[in-house]
Amino acid sequence: MGSITFIEHNGNQHKVDIEEGSSLMQAAMDNSVPGVDADCGGECACGTCHVIVDKNWVSVIGNTTEIETQMLDMTPEKADTSRLSCQITVTEAMDGMVVRLPEFQM
Amino acid sequence: MNFLSSIVEKSASLTSMPAIVEKATSLVSIPVIVEKTSKVIPLPLQIKGIHLFLKAKNKVWKSKSVPVFIESPIPDVSTLAIEDIDVSNPFLFKQNMWESYFKRLRDECPVHYQKNSPFGPFWSVTRYKDIVFVDRRHDLFSAEPIIVIGDRPEGMAIETFIAMDPPKHDIQRKAVQNVVAPKNLLEMEDLIRSRAVDVLDNLPIDEPFDWVEKVSVELTARMLATLFDFPYEHRHKLAYWSDVIAASPETTGGECSADEMFIGAAEMAEYFTRLWREKEAKKEAGEEMGYDLISLLLSNEKTKNMINKPMEFMGNLALLIVGGNDTTRNSMTGGVLALNEFPNEFIKLKNDPSLIPNMVSEIIRWQTPLAYMRRVAKEDVELNGKTIKKGDKVVMWYVSGNRDERSIDQPDQFMIDRKKARNHLSFGFGIHRCMGNRLAEMQLRILWEELLTRFDNIEVLDEPEYVQSNFVKGYTKMMVKLSAKT
Ligand code: HEM
Ligand code: FES
């Protein structure tokens, strides 16, 4: 089974096993990765599951919908490869992927 | 609080006017006058001018009357036919009757149409999932022109982005949101804490006093003064403006007169124009700028000239003042009340203060300081078996969704260690999700951290008194007694 690595803003790393079909947000929550709030429980409606995907993996994770882009736009720490992790479905193709967490969720 | 569109006076009903006059008034619409004259006439005078204009107009043309709400006991909900249930009644919260009303709607008619309320017909959406649906779908439901049940009254069209749709909303929000972003809050936390400590250290012990006045109102006024770097000795003005701007009968069934609102708004404009000019002079003199709202707006290329668009300037300031005032205030009171109604939770808290952040979310759910937000359907929408027609008003009752047994475990229980406590509706969802949510959480966290180190008990002595409004769910008075920590 493959894994994905979350890196907190302070540099702490969390390697989590890939569970096909669940969301990246759920993977963080299930493995108690600190720094993801997920206030809306995965509805793409709160913006507090923000992650910054390593640019080498952007092509693997799929496209953003308009609604996701709009929610991300309201995140002060938005970066070029920012995503809402609840909108990314985890697959085995993401084995080795690295995602960073912002300093704050908002 | 009705986020501003109530700085306005209910005025002549256009239907009784001759057609030609109607045309003339709509051409010379008031906001246009204001934008055009903003460079010449100071903003406070403009507001006074609009007030006089509307007053005169009211005298000349037949005025549509403002609804008058006279309190009478609210009946047991089981005695009513479903179509007669009217949850816009501004006494529903005041008489603390709301729980059974919303439970009946959730169970029997979760998407409910009330066709003759004093505010006109409206839909009520009362289940958690349906509320999230409406709040997310800004493509189907518009926040314009106002987010309270009543119609937008005529008059000063102050622009606040809480009542705008994209793309305008997004641009305006982005311009100001950094002020309350967590990074900036970190800079302000120490000052907010020291000002809170000063209040708590001076509270009477073993003696009854009003928690609303001495703690909740005082702390929120101090916080706002800090956020705006507003002259500290005048901080009560902030709370006062927010209150008068907040509560008109025609929008939320509140108790404030149009005269009070206009005088308050004019005074507020005067103060903030002066504050802006002072900070601008500081900036031009090359002095170091602070982390307060106006300094941040002045240092941003996109917003440094905001004062030249007075309606936008006033709108943004007022939205922050009104948005940040009685919401947090009522959560400060609600938390104490909840811990008194659920004394075991108080014991749990004292045994484990690390529960404070989770409790703060639970307090905000349990209180739901803003009962709802209103939308207007942009097209026909099918929701839970009902067809909402294009143009219909749709009210998302957060206060009901937060008690929806279908989505929340034992929702009427206050549990400070509740799992997924953050998944409440009180801050709304989607693009309008509360911009000040982190600030509100921070203030409540500071309050409870400092309370626990000082007091052994906060005893609520009497039933609290509640605000008259269908929008603000809050308190006017709550007598308590403190015991010191031994
Ligand atoms: C417990 C305290 C608070 C509660 C319950 C609350 C609740 C809300 C709600 C329900 C909305 C609308 C959400 C929607 O339409 O989906 C909102 C929006 C907003 N709130 Fe708060 N609020 C609180 C504190 C604050 C504070 C402290 C501030 C600022 C200093 C603030 C500023 C705003 C602003 C600017 C908006 C408009 C956001 C937009 O339209 O994009 N709020 N708030
Ligand atoms: S969990 Fe709310 S947007 Fe992802």
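Residues numbered from 1 in each chain as written. Chains lettered and ligands numbered in written order. Predicted model: local features only at pLDDT ≥ 70, side-chain atom pairs only at ≥ 80, totals over all residues. Heavy atoms only, no water.

Helix and strand counts for chain A stand at three helices and five strands. Counting from the amino terminus, chain A carries its helices and strands in the arrangement β-β-α-β-α-α-β-β. Taken over the C-alpha trace, chain A has a radius of gyration of 12 Å; the compact-globule value for 106 residues is 13 Å, and the two agree within 12%. Seen along its three principal axes, the alpha-carbon backbone of chain A occupies a region of about 35 × 30 × 25 Å. By residue count, 51% of the 106 residues in chain A fall in the buried class. (Helix = DSSP H or I, 4+ residues; strand = E, 2+ residues; numbered from the N terminus. Rg over C-alpha atoms; globule rule 2.2 N^0.38 Å. Buried < 20%, exposed > 50% of the residue type's maximum accessible area, 1.4 Å probe, protein only.)

As a further point, take the site of ligand 1. Residue and element names in this part refer to chain B. Taken together, the neighbourhood of ligand 1 is formed by 29 residues, with His169, Arg173, Arg375, His432 and Cys434 sitting nearest. Separating an oxygen atom of ligand 1 from a side-chain N or O atom of histidine 169 is a distance of 2.6 Å. Between ligand 1 and phenylalanine 429 there is a distance of 3.4 Å, counted from an oxygen atom to a backbone nitrogen or oxygen. Listing elements by their share of the shell around ligand 1, those giving two or more residues are helix H6 (168–176), helix H13 (310–323), helix H14 (326–341), strand E5 (372–377) and helix H18 (437–454). (Near = heavy atom within 4 Å. Polar contact = N/O pair within 3.5 Å; in protein donor to acceptor, adjacent residues only side chain to side chain.)

Here the focus is the packing of aromatic side chains. All names here are of chain B. Within the structure shown, the criterion is met by 19 aromatic pairs over all chains. Considering the side-chain rings of tryptophan 366 and phenylalanine 414, the 5.8 Å spacing of their centres and the 65° angle between planes classify their relative orientation as edge-to-face. With a gap of 48 residues between them, tryptophan 366 in helix H16 (residues 356–367) and phenylalanine 414 in the loop between helix H17 (398–401) and H18 connect regions that are remote in the sequence. Each member of the pair, tryptophan 366 as well as phenylalanine 414, is classed as buried. Connected via pairs of aromatic rings, a cluster forms that spans Phe228, Phe230, Trp241, Tyr271 and Phe272. Lying over the aromatic face of tyrosine 232, arginine 195 brings its terminal NZ or CZ to 3.9 Å of the ring centre. Taking NZ or CZ as reference, lysine 350 lies 5.2 Å from the ring centre of phenylalanine 346, over its face. (Phe/Tyr/Trp six-rings, centres within 6.5 Å; stacked < 30°, edge-to-face > 60°. Lys NZ or Arg CZ within 6 Å of the ring centre and 35° of its normal.)

What follows deals with the sheet that holds strand E1 (residues 3–7) of chain A. Residues and elements named next belong to chain A. Ordered in space as E2-E1-E5-E3-E4, the five strands form an open sheet in which the pairing is mixed. Edge strands, defined here as strands with exactly one partner in the open sheet, are strand E2 (13–17) and strand E4 (82–84). Within the sheet, the average angular offset between the axes of one strand and its neighbour, ignoring direction, is 35°. Across two bridges, the pairing between strand E3 (residues 50–53) and strand E5 (residues 98–100) is antiparallel. (Pairing = 2+ DSSP bridges. Axes fitted to C-alpha atoms, helices over the stretch in contact; angles between N-to-C directions.)

With that out of the way, let us pick up the environment of Ala45(A). Mapped onto the elements of the fold, Ala45(A) is located in the loop between helix H1 (24–30) and E3. A sequence separation of 41 residues divides Ala45(A) from Cys86(A), and the C-alpha atoms of the two residues are 10.0 Å apart. Apart from residues lying up to four places away in sequence, Ala45(A) is in contact with Cys40(A), Met71(A), Arg136(B), Phe429(B), Gly430(B) and Arg433(B). (Contact = heavy atoms within 4.5 Å.)

With that settled, consider the interface of chain A and chain B. Tallying the contact residues gives 21 residues for chain A and 23 residues for chain B. Both faces considered, chain A and chain B share a buried interface measuring about 1,900 Å² in area, 56% of it formed by carbon and sulfur atoms. On the chain A side of the interface with chain B, the three residues burying the most area are Asp39(A), Met74(A) and Met106(A), jointly 34% of the side's total. Across the contact surface, chain A and chain B share six salt bridges. Put simply, chain A and chain B have nine residue pairs in polar contact (both at pLDDT 80 or more) between them. Taken together, the residues of the side of chain A that touches chain B break down into eleven nonpolar, five polar and five charged. (Buried area = accessible area lost by both parts, 1.4 Å probe. Salt bridge = Lys/Arg side-chain N within 4 Å of Asp/Glu carboxyl O. Nonpolar A, V, L, I, M, F, W, Y, C, P; charged D, E, K, R; others polar.)

What follows concerns the sheet that holds strand E4 (residues 209–210) of chain B. If you trace the three strands from one edge of the open sheet to the other, you get E4-E12-E9 (chain B), paired in antiparallel fashion. Strands with a single pairing partner mark the edges of an open sheet, and in this sheet they are E4 and strand E9 (455–460) of chain B.

This brings us to the coordination of the iron atom of ligand 1. On the protein, Cys434(B) (SG) is the one donor atom to the iron atom of ligand 1, at 2.3 Å. Locating Cys434(B) in the fold gives a position in the loop between H17 and H18. (Donors = N, O, S within 2.8 Å, 3.2 Å for Na, K, Ca; no water.)

As a further point, take the confidence of the model for chain B. When pLDDT drops low, the exact placement of atoms in the prediction is not to be read closely. All names here are of chain B. Taken residue by residue, chain B gives an average pLDDT of 86. The fraction at 70 or more is 85%. Segment residues 1–40 is flagged for pLDDT under 50; beyond a separation of four residues in sequence, or across chains, it makes 109 contacts in the model. In the predicted assembly, ipTM is 0.95 and pTM is 0.90. (pLDDT = per-residue confidence, 0-100.)

Here the focus is the pairing of E5(B). All names here are of chain B. Most of E5 sits inside the fold, with six of its six residues counted as buried. Across two bridges, strand E3 (residues 141–142) lies against E5 in antiparallel orientation. Residue serine 142 lies in a different strand from E5, and its bridge partner there is valine 376. One ladder, built from five bridges, connects E5 with strand E8 (residues 393–397); its direction is antiparallel. Across the sheet, methionine 373 pairs through a bridge with methionine 396, a residue of E8.

A few words now on the layout of surface pockets. In this structure, the largest pocket occupies an estimated 630 Å³ of space. For the largest pocket, the lining is made up of 24 residues, of which Asp37(A), Gln105(A), Arg422(B), Arg438(B) and Glu441(B) are closest to its centre. Those elements that place two or more of their residues in the lining of the largest pocket are helix H7 (182–201), H16 and H18 of chain B. Among the residues forming the lining of the largest pocket, the class breakdown is twelve nonpolar, five polar and seven charged. (1 Å grid on protein atoms, 1.4 Å probe; cavity = no way out; pocket = protein on both sides within 12 Å on 5 of 7 lines; lining within 4 Å. Points joined across faces, edges and corners; volume = space filled by probe spheres on them.)

All names here are of chain B. Tracing the chain through its elements places serine 124 in strand E2 (residues 122–125). Judged by relative accessible area, which is 1%, serine 124 ranks as buried. Within the local environment of serine 124, its side chain forms a polar contact with the side chain of tryptophan 397, the two groups lying 2.8 Å apart. Setting aside its immediate chain neighbours within four residues, serine 124 contacts Val87, Leu105, Pro110, Val111, His112, Val395 and Trp397.

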